[in-house]
Amino acid sequence: MGVKSPSSSSVPAGYKQTEVGVIPEEWEMRPLGELATVTAGGTPSRTNAEYWNGDIPWVTTSEVDFHTINSAEQFITTEGLNNSAAKLLPRGTILMALYGQGKTRGKVGVLGIEAATNQACAAISLKRSVLPEFIFHLLASKYDAIRNLSNTGNQENLNGSLVRSVAIVLPPEPEQRAIATALSDVDALLGALDRLIAKKRDLKQAAMQQLLTGQTRLPGFHGEWEVKRLGSIGTF
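The rules behind these values
- Residues numbered from 1 in each chain as written.
- Predicted model: local features only at pLDDT ≥ 70, side-chain atom pairs only at ≥ 80, totals over all residues.
- Heavy atoms only, no water.
- Helix = DSSP H or I, 4+ residues; strand = E, 2+ residues; numbered from the N terminus.
- Contact = heavy atoms within 4.5 Å.
- Pairing = 2+ DSSP bridges.
- Buried < 20%, exposed > 50% of the residue type's maximum accessible area, 1.4 Å probe, protein only.
- Salt bridge = Lys/Arg side-chain N within 4 Å of Asp/Glu carboxyl O.

Trainee: Break down the environment of Ser-129 for me, with residues and values.
Mentor: If you trace the backbone, Ser-129 turns up in the loop between strand 11 (121–126) and helix 3 (132–141). Through-space distance from the C-alpha of Ser-129 to that of Leu-35 is 9.2 Å; in sequence the pair is 94 residues apart. Sequence-distant contacts of Ser-129, defined by excluding residues within four places in its chain, comprise Glu-173 and Gln-176.

Trainee: Pulling in residues and values, what's your account of the sheet that holds strand 7 (residues 74–76)?
Mentor: Within the open sheet, the 3 strands sit side by side as 7-5-10. Their pairing is mixed. In this open sheet, the two edge strands, each paired with only one partner strand, are strand 7 and strand 10 (116–117). Bridge analysis of strand 5 (residues 52–59) against strand 7 gives 4 bridges, and the strand direction is antiparallel. Note on strand 7: the bridge partner recorded for Trp-58 is Gln-74.

Trainee: Describe the pairing of strand 8 (residues 94–97), and please don't skip the residues or the numbers.
Mentor: On strand 8, burial covers both faces: Ile-94 and Met-96 on one face and Leu-95 and Ala-97 on the other are all buried. Pairing of strand 8 with strand 9 (residues 108–111) involves 3 bridges; the strand directions are antiparallel. Note on strand 9: the bridge partner recorded for Met-96 is Val-108.

Trainee: Provide a residue-level description of the pattern of salt bridges, including the pertinent values.
Mentor: For the coordinates displayed, the defined rule picks out 5 salt bridges. When the shortest N-O distance is used, the salt bridge between Arg-30 and Glu-28 registers 3.5 Å. Owing to a relative accessible area of 27%, Arg-30 belongs among the partly exposed residues under this scheme. Overall, Glu-28 belongs to the partly exposed group, its relative accessible area being 38%. For the salt bridge of Lys-107 with Asp-65, the shortest nitrogen-to-oxygen distance reads 2.9 Å. Of this pair, Lys-107 sits in the loop between strand 8 and strand 9 while Asp-65 is found in the loop between strand 5 and strand 6 (68–69), placing the two residues 42 residues apart along the sequence.

Trainee: Which residues make up the environment of Leu-32, and what values go with them?
Mentor: Its place among the elements puts Leu-32 in helix 1 (residues 32–35). A sequence separation of 133 residues divides Leu-32 from Ser-165, and the C-alpha atoms of the two residues are 6.1 Å apart.

Structure below.
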């Protein structure tokens, strides 16, 4: 049996039914390919040393992980850029991993620097009136759905055509900005909490080192500790 579409009476006033669900009337729904150009990068020949260890950051999918990319692990030269399919991309370009190990495929990131990429990254260059920050959060929210678009075969990959087909719901620009700001604020809060948790974990590790070796004694405890083999206090 097919799934029935919601009746018009079930759509609240001020909203409309689309293929991606009910959205506000003033929002648009368009494929990503109408809002951006989508290209892939390239890899300079590894056999030519003149193409590598230059000053152009060269980003791979391992660095695309739902955050702003401000550095790269590898660098290429201008000769490497000019003699390959790699392209120098401006800050604000959205990257999507087309394929990669484990959960990499479908992840997105935003370039915080000028950089080139390898062919496993799709570079999404948005047109005016579309905010990269909003599209970044939207694509991140569609991570599982985007992964399900992948080709079926020995290895499931995305490609430029599939990325261009992703349905985008697009509010007016002021609302895009407000939504992106709110979600970025949440990301900043979560990042601060992660750093606090890491700090507390380090403090616990230090406390374990002190207490479990007797370097620090709790109040009310004195005397010497014994050293025994584990086999003498338990059975295996």
